[in-house]
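Summary of structural features
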Amino acid sequence: MSRVTKKVEKWLVSVIQPQYVYKNVVYSHVYYFLTKYLPQGFKIRTAVYTSDLGVPQLLINLNGSLSTQTQLIQLSIWIPHNYPYADDTHPHGDANGVPLVYVVPTAGNTIRPGNNIDAQGKVYHPYLAQWHSKMYAGVTNNEFLLINLMNVLGSTFSQFSPIGSSITSQGPQLPPKPQMYRDSSLSLTPLPQREFTGPALPEKPSLSPTPVDSTPERYRAPPPLPTQMNYNSHRVSSVEPQYSESNGDYLRSEKANSASPDPNHARTYSHQTSIPQESSIYKEQLDHVQLPYSKDELQRKKATSVPSPRKQSVEDLMDKVTLQDNSVHNTDQLERLAIQINAFLDPNNEESVDHLIPQINEYTNRVMALQSQLEHHSKQAHANLEMLDSHVKYLEGRIGDMKDFNEELEKTEKLNTTGSDLVFINSSRSMPLDELVTLDLILLHQLYDVCSDIKAHKDALSLVGGNFKSQGELITDSNLDSCVKAIRSLSRDLFWLEVTRGEIAKSMGLDDQYN
Amino acid sequence: MSTLQPLNINQLQPFPLLKELSALPSHLLNQFAALYELTKGYVVSLDTYGSHQQDIVNRINENVDLLNRILELISDYNACSQQISRLAQRLELLYRQFLELETAQYQLLSSNYNTNVLKSKFERFARGSDATSSSMAKSYATTGAERDLLQFLREFKDSRKEYHMQREKLNRWEEERVSGLF
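These lines cover the structure that appears in this document, whether it is placed above or below. Because the structure is a prediction, the values reported are computed rather than measured.

This part is about the nonpolar core. Core analysis: the largest hydrophobic core is formed by 48 residues, its most contacted members being Leu62(A), Leu75(A), Ile79(A) and Val103(A). Breaking this core down by element, the ones donating at least two residues are helix H1 (6–19), helix H2 (23–37), strand S1 (43–50), strand S2 (56–67), strand S3 (72–79), strand S4 (100–103), helix H3 (126–134) and helix H4 (146–159) of chain A. Here the element with the most residues in this core is H4(A); it accounts for seven residues. Residues contacting Leu75(A), with those up to four places away along its chain left out, are Phe42(A), Leu62(A), Asn63(A), Gly64(A), Leu66(A), Val101(A), Tyr102(A), Val103(A), Met150(A), Leu153(A) and Phe157(A). Grouped together as the second largest cluster of nonpolar side chains are 25 residues, Met431(A), Val437(A), Ile504(A) and Leu108(B) included.

What follows is the structure, given as structure tokens:
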């Protein structure tokens, strides 16, 4: 364990303060994590995490290498805003309480999807699932900590490495996939048509080894020839909802189907699409697709693998003539047309609207990142403002109190200079000056009291005898008796006081001084 | 917000051609296919292209909204920073005020309750007691015949006792052998 620097601590507090719900918990967990993993090269930062729902959030990100028994695995851990307590009301797919762990492949390596990891590198683990179900607000559970998560990941990845070399071994040749599956961007709806009545699919063009353009090669190439693809029959069987809504396109397609072309095309197609017919995925998709044919019809078509034109439909002579004409010469024409269309759609073409897409995407990312950062800074600034405002108000109150206190002290000072026998504590309270000082012990106080009394008696005797300062004697012929009586009384008291003093001094061990 | 993808010909779905186009005689269709401007016009007229264009426009509008939000944030941030700056100035002022008040308070406390001040006050108080008893004696000397000697001596003795007690306390205070408020 090592200490986290003050700078990192302050940064962590400033990041957690405005956005995180359970600030103390996040701070303690992350701090604890950093004490262990900072020396091992883990780094902490904030970055924009875009959830599965497409919501960008500025989250704490911990990234670094986890050392297993066999290799180093680069990890990226995101701490959600409501860490560590998952909230059931949170939308599914959003960052919710539980830390999000991703394995990041290093150069020359690739992700190996498995039980605990998907193709994007996201880690799934029963520990994380338990974290989600067992940790809820108000519960303290020391089982679910980032440190423990790292231990769990370490043991899991030791058994199954999520990283593999990007060089693949030469396994048995897989059967070629149908064109439809190669292009994930295509909708599922055209599948049945391709199986039963569609034209032969074109060969997928080989990918350039160093593609410069982001557009897939096959989109830049001219479209397949009509004789191979037969767009008319393709569109007829295509039952995409959007298609049926699009200004009668569907009707037009139906007509085209009714004038179904050369059966040779269909035969060729069924021959070439024999592999997709065996695909179980393909069969599954069939159940979810609305087909213009009944299931029996489909079965018949599947059995024969030869599409038959819909004989029931009304024949459109105009279309028929057109298609028959096209069947003669539209190959070259449509190919040229497709080339022209591709040329227009080429993102490098300044006339194409797609020419601006990279720029728009870049600006979008920048704007979103900027907005996210500004939101964060704005929140922080508002929090600082509130804090500062409360501090200023508090200090103004204190300063006001100080002013009042000083005014009171000024009044007290005036009173203390005027009153000689009193000490004023404030303008309304005072204490006798004589009580300001007391002797240490009660016995000592009694001793000094007796001593003072003795001295007072002696002064009185001196005054009577004319020895007090410069006073004349008080004894006259008229008060001789009173003087004798007074001296006798004072002397008697003095005697007893001296006895008392001796006793006190004796009990205090001060015999030498006072006897 | 998902990333915009360029439109490709499969998504564009330009085929089959409109009936009006596909019904054209072959030589006209040849011309149509050969002319880039016509093809462009055809592509632009397609719903899929329009929809794609609308997506881009929507994205730009979203970006504009975000930029507006950023402008609001910046102006809000500026206002906030101005307030913070004003409060910081206020803090600076309060600190100076605090220093002045602290100095004044220290002086006032010192003039009221400083040990030396109190000691000298106590000394004056003791001297006052001494003077009181002396003046009592003088007063009796001038008007003594009219007063009871024993009563006077009792009062004088009490006054002297008070003085001696104060004197003793003061002596011990000088030696710092007292307790009490200080």
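Having seen it, we continue.
Residues and elements named next belong to chain A. Extensive coverage of S3 is indicated by the burial of six of its eight residues. Note: S2 against S3, eight bridges, orientation antiparallel. Across the sheet, Leu66 pairs through a bridge with Ile73, a residue of S3. Between S2 and S3, which pair antiparallel one after the other, the connecting turn spans four residues. Relative to S4, S3 runs antiparallel, the two sharing four bridges. What sits directly across from Ile77, in S4, is Val101.

Before going further, it helps to examine the interface of chain A and chain B. At the junction of the two partners, chain A supplies 107 residues and chain B supplies 99 residues. Buried surface at the junction of chain A and chain B, both sides included, amounts to about 9600 Å², of which 67% is carbon and sulfur. For the chain A face of the interface with chain B, the top three residues by lost area are Phe344(A), Leu436(A) and Val437(A), together amounting to 6%. At the boundary of chain A with chain B, the tally comes to nine salt bridges. With a shortest N-O distance of 3.2 Å, Arg69(B) and Glu375(A) are connected by a salt bridge. Summed over the shared surface of chain A and chain B, the number is 33 residue pairs in polar contact (both at pLDDT 80 or more). No other element matches helix H17 (residues 357–418) of chain A, which puts 32 residues into the side of chain A that touches chain B. When the residues that make up the side of chain A that touches chain B are grouped by side-chain class, the tally is 50 nonpolar, 33 polar and 24 charged.

Take the packing of helix H3 (residues 26–34) of chain B against helix H4 (residues 36–45) of chain B next. Residues and elements named next belong to chain B. Viewed as axis vectors pointing N to C, H3 and H4 meet at an angle of 85°, and their least axial separation amounts to 5 Å. The angle between H3 and H4 places the two elements in the roughly perpendicular class. On H4, the residues touching Phe32, Ala33 and Ala34 of H3 are Tyr36, Leu38, Thr39 and Tyr42.

On to the packing of aromatic side chains, then. Residue and element names in this part refer to chain A. Summed over the entire model, instances satisfying the criterion amount to 20 aromatic pairs over all chains. Seen from their ring centres, Tyr127 and Trp131 are 6.0 Å apart, and the 90° between their planes marks the pair as edge-to-face. Of this pair, Tyr127 and Trp131 both sit in helix H3, four residues apart, which is roughly one turn of the helix. Classification of Tyr127 by relative accessible area gives buried; the value is 8%. By relative accessible area, which is 0% here, Trp131 ends up buried. Pairwise contacts between aromatic rings join Tyr83, Tyr127, Trp131 and Phe144 into one cluster.

Definitions and limits used
- Every chain is numbered on its own, with residues counted from 1 as its sequence reads.
- Following the order in which they are written, the chains are lettered starting with A and the ligands numbered starting with 1.
- Where local features are concerned, this predicted model is filtered to residues with pLDDT of at least 70; where side-chain atom pairs are given and counted, the filter is 80 or more; whole-chain, interface and lining totals use all residues.
- Each side-chain value is worked out from all heavy atoms of the structure, with water and hydrogens disregarded.
- We define a nonpolar core as any set of buried Ala, Val, Leu, Ile, Met, Phe, Trp, Tyr and Cys residues linked to one another through side-chain atoms lying within 4.5 Å.
- Only protein chains enter the calculation, and the probe is 1.4 Å; a residue is then buried if its accessible area is under 20% of its type maximum, exposed if over 50%, and partly exposed in between.
- Numbering of helices and strands starts at the N terminus; helices are DSSP runs of H or I of at least 4 residues and strands are runs of E of at least 2.
- In this analysis, two residues are considered to be in contact whenever any of their non-hydrogen atoms come within 4.5 Å of each other.
- What makes two strands pair is DSSP finding at least two bridges between them.
- Two parts placed together each lose some accessible area under a 1.4 Å probe, and adding up what both lose gives the buried area.
- One speaks of a salt bridge when a side-chain nitrogen belonging to Lys or Arg is within 4 Å of a carboxyl oxygen belonging to Asp or Glu.
- In protein, a polar contact requires one atom able to donate a hydrogen and another able to accept it; more generally it is a pair of N or O atoms within 3.5 Å, and residues adjacent in sequence count only if both atoms are side-chain atoms.
- Here the nonpolar group is Ala, Val, Leu, Ile, Met, Phe, Trp, Tyr, Cys and Pro; Asp, Glu, Lys and Arg are the charged ones; every other residue, Gly included, is treated as polar.
- Helix axes use the C-alpha atoms of the stretch in contact, all axes being lines fitted to C-alpha atoms, and the angles between their N-to-C directions lie in the range 0 to 180 degrees.
- Oblique is the label for every angle not falling under 35 degrees (roughly parallel), over 145 degrees (roughly antiparallel), or within 65 to 115 degrees (roughly perpendicular).
- Centres within 6.5 Å make a pair out of two Phe, Tyr or Trp rings, where for Trp the six-membered ring is used; the pair is then stacked when the planes are under 30 degrees apart, edge-to-face when over 60, and tilted otherwise.

Treat this as a map of the structure, not an account of what it does.
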